[in-house]
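Structural description and commentary
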Amino acid sequence: WVMVKLRGPGAASVDGWIWFLSYLSAFLFLIVALRWFRKRLMWALRNRLIVTYVFIGVIPVVLLIGLGLLMLYLFVGQFATYVASSDLQMEIRRLDAVNERLASEIATALRDGKPITPDILKNASASEEAFPNRVVTAWFKGKAYILASRDERPNASVPPLPIVEPKKSDDIIATLAIDDSGANLRAARRLKVGNEPLVVISSVPLDRQLMAKVAERIGVVSMEPFQRKENKQPTKGKKLTISGSNEELDLEQQTDGTGRPRNVESPMPLPQPANRFDREVTFLATVSALEWDAGNPATVLMVVHTRPSLMYERLFRTVGQFVNAVLYAVAAVAIFFGIIELIALIIGVRLTRTITASIYKLYQATQHVNAGDFSHRIDVTSKDQLAALETSFNSMTENIQKLLLEQKEKQRMENELSIAQEVQAQLFPTGVFDIESLELYGFCKPARTVSGDYYDFVPLGPDQLALAVGDISGKGISAALLMASIHSAVRAYSLERVPMIAAAGVGHGGSFALTKSEEPSFEDISPSLLCTMLNRQVFESTASARYATMFLGVYDGASHKLTYCNAGHLPPIIMAADGSVRRMEVGGSVIGLLPGLSYEEAEVTLRPGDLFIAYSDGLSEPENEFGEFGEERLLQLIRENQHLPLQRISDLAVAAVKDWIGGEEQPDDITIVLARLR
């Protein structure tokens, strides 16, 4: 960023806009960076788990360690300042005790009429060994008596008001005093000698020698007055007469030579660290003091430089050898927690690698599947839920691969069935098939792609034909193949016009052959003989469970006679114009089920208005919740519409059956053949 400071009337406004746009650009850049981070780095599950582990496992540990270090720092610093303050207060109390004995001795001497002289210090046993730099001053009847001083001057001004003008007989002050000479340990005591007050003040400068005693086994301690009251009471004009001299001392001129408070620091340097973790700890604290001249409270800043090892030794020095045991126990607990955290880290990393490896393998597998490769398999190496998921994925792709193969096979079979359907459609007569005296119509609707039902019209002359209606057991391809075989046999036998003289040999299981050289006549074709021959052929060429029902009829237009044989098929019906019916039941059992069967045939004459009806069980046996559609319902429908064209009658019958079964799948092939005399 390059910022140009503009000058001129509008410079401030332009600078404001520049800063605003800069902040806005930085904010937008941050948003873009976060989106990139989320889209790129956070897309991978591995990175998400790492970030999750950092937030759940690492950050709390770091925070706990930081909190522990902070608590250790606060404890060491607070303990060090507490020890230093306590030692300082102990020195003040010792000074106050010495000053008390001295004040008592001076008061006793004055009551005995003796003068105030330095010899009183010896009489009071106030040895200078405890405080070699102390200054002792006594005030009595407006005079100052210097009992101990290096410069023969009192280093304390007129005592504060509580001492000069007491509210009780005895007043005591023992504190850290701040005046123009700096910081001092000061003890002041007021006693009544007669009617005159006696004030005795002992002062010890807070110098390096005294700070060395305070900082012993702590470190480095420094003190500095930093709060001086501005409402200091003036002492201008106050004079102090020194005993034994006519000199008067101006209290305002009493300074340390620089006019500023002195900073005091212990002379001994900070000891060397016990180990690499024994870092220096610096802590601040405040010590209450008294501005001696004004009598106002003040504050002294105490700065302590120490080490944890010093405070540990100071804290546990009374425990003796047990200190090392405590230290070793703390170290053992820390090592134990560290080992647990390391084990948790290793377990977390291993679990993360396991999860991400499984997800990566699943992702690669989905890419193979997306490319159409269903043969890809995941190498399962574990026994957990992810491994079960990988196994399920392998099973799914294997099943999909099988389904695709089955689909291909099904498609192939459907193509073959479509071809078979086209071929079979060519076997059925199409449309209205008419001869001179008879109108015919046939319809077959397969339940599946190909049909097992069969019907055919075989012309034998200008006004003659063979009529066949059959129903093959079963459905699908096998039934369609048997239907095609029977269709071929019926046409072959009908068109070759097998003579009746061969019937005996066939009926008794023997063989036969055509012996006439000339073409047989129409009267030589026998429906019963055709059924016998078909029974033998189907029985010998198919499985034992395969059979077919068959109705074969031969119609002669000259005589309007229909010769027929019914081999187990539903009996066709001849419905007269008045609605009465005749059933064609003569014949025998189904063909192809038993060997060596013989069949009978019968003859009926068609009258004008008669309607021939042949059908399969797929037209009469479909069911719904009310039962079967039934033959009576079918006949009633045809009876009501028998004057309509044959195709229309067929369409109505098939539509009625569809309505009967509703949305259900067609259960069986539907076949209907209609014929009506012209």
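Everything discussed here concerns the structure shown above.
My aim in this report is to walk through the structure given alongside it, one point at a time. (Residues numbered from 1 in each chain as written. Predicted model: local features only at pLDDT ≥ 70, side-chain atom pairs only at ≥ 80, totals over all residues. Heavy atoms only, no water.)

**What to know about the overall build of the protein chain**
Along the backbone of the protein chain there are 14 helices and 25 strands. In the protein chain, which comprises 678 residues, the proportion classed as buried is 41%. Counting only carbon and sulfur atoms, one obtains 58% of the accessible surface of the protein chain, whose full area is about 38200 Å². (Helix = DSSP H or I, 4+ residues; strand = E, 2+ residues; numbered from the N terminus. Buried < 20%, exposed > 50% of the residue type's maximum accessible area, 1.4 Å probe, protein only. Areas by Shrake-Rupley, 256 points an atom, 1.4 Å probe, with all protein chains shown as cover.)

**Topic: the packing of helix α2 (residues 45–111) against helix α6 (residues 308–315)**
One way to put it is that α2 packs onto α6 with a least axis distance of 10 Å and a crossing angle of 60 degrees. Considering the angle they form, α2 stands oblique to α6. Crossing geometry of α2 relative to α6 is assigned as left-handed. Facing F75, V76, F79, A80, V83 and D87 of α2, the residues of α6 in contact are P308, M311, R314 and L315. A per-class count over the contact of α2 with α6 returns 8 nonpolar, no polar and 2 charged. (Axes fitted to C-alpha atoms, helices over the stretch in contact; angles between N-to-C directions. Parallel < 35°, antiparallel > 145°, perpendicular 65-115°, else oblique. Left-handed = near helix turned anticlockwise from the far one by under 90°. Contact = heavy atoms within 4.5 Å. Nonpolar A, V, L, I, M, F, W, Y, C, P; charged D, E, K, R; others polar.)

**Here's the deal with the state of the cysteines**
Per the stated rule, a full pass over the model turns up 0 disulfides. Free of any disulfide, C531 has its nearest neighbouring cysteine sulfur in C565, separated by 3.6 Å. Among the residues examined, C531 registers a relative accessible area of 0% and is labelled buried. (Disulfide = S-S within 2.5 Å.)

**Some points on the nonpolar core**
Among the nonpolar cores identified, the biggest contains 52 residues, and L467, I486 and F612 are the most heavily contacted of them. At 7 residues, helix α9 (residues 476–496) tops the list of elements feeding residues into this core. L176, A183, I218 and V220 belong to the second largest nonpolar core, which has 36 residues in total. (Core = buried A, V, L, I, M, F, W, Y, C linked by side-chain atoms within 4.5 Å.)

**Let's talk about the packing of aromatic side chains**
Going through the model one piece at a time under the given rule, you end up with 9 aromatic pairs. Between F75 and F79 the ring centres are 5.9 Å apart and the planes differ by 5 degrees, which places this aromatic pair in the stacked class. Of this pair, F75 and F79 both sit in helix α2, 4 residues apart, roughly one helical turn. An aromatic cluster is defined as three or more aromatic residues linked by ring pairs; in this entry it consists of F551, Y564 and F612. Against the face of W292 rests R186, its NZ or CZ located 4.9 Å from the ring centre. (Phe/Tyr/Trp six-rings, centres within 6.5 Å; stacked < 30°, edge-to-face > 60°. Lys NZ or Arg CZ within 6 Å of the ring centre and 35° of its normal.)

**Digging into the pattern of salt bridges**
Tallied over the full model, the rule gives 14 salt bridges. Salt-bridge contacts for E216 lead to R217; the nearest nitrogen and oxygen are separated by 3.1 Å. Judged by relative accessible area, E216 falls into the partly exposed class, the value being 44%. A relative accessible area of 41% places R217 in the partly exposed class. Salt bridges here are not isolated pairs; linked through shared partners, they connect E91, R94 and K213. (Salt bridge = Lys/Arg side-chain N within 4 Å of Asp/Glu carboxyl O.)

**Side note on the side chain of Q642**
Residue placement: Q642 occurs in the loop between α13 (631–640) and α14 (646–661). For Q642, the contacting residues outside a window of four places in its chain are M575, A576, A577, G579, L611, I649 and R676.

**Considerations on the packing of α13 against α14**
Running from N to C, α13 and α14 point in directions that differ by 140 degrees, and their axes come no closer than 10 Å. One way to sum up the angle between α13 and α14 is to call them oblique. As α13 runs across α14, the sense of the crossing is right-handed. On α14, the residues that touch R633, L634, L637 and I638 of α13 are I649, L652, A653, A656 and W660.

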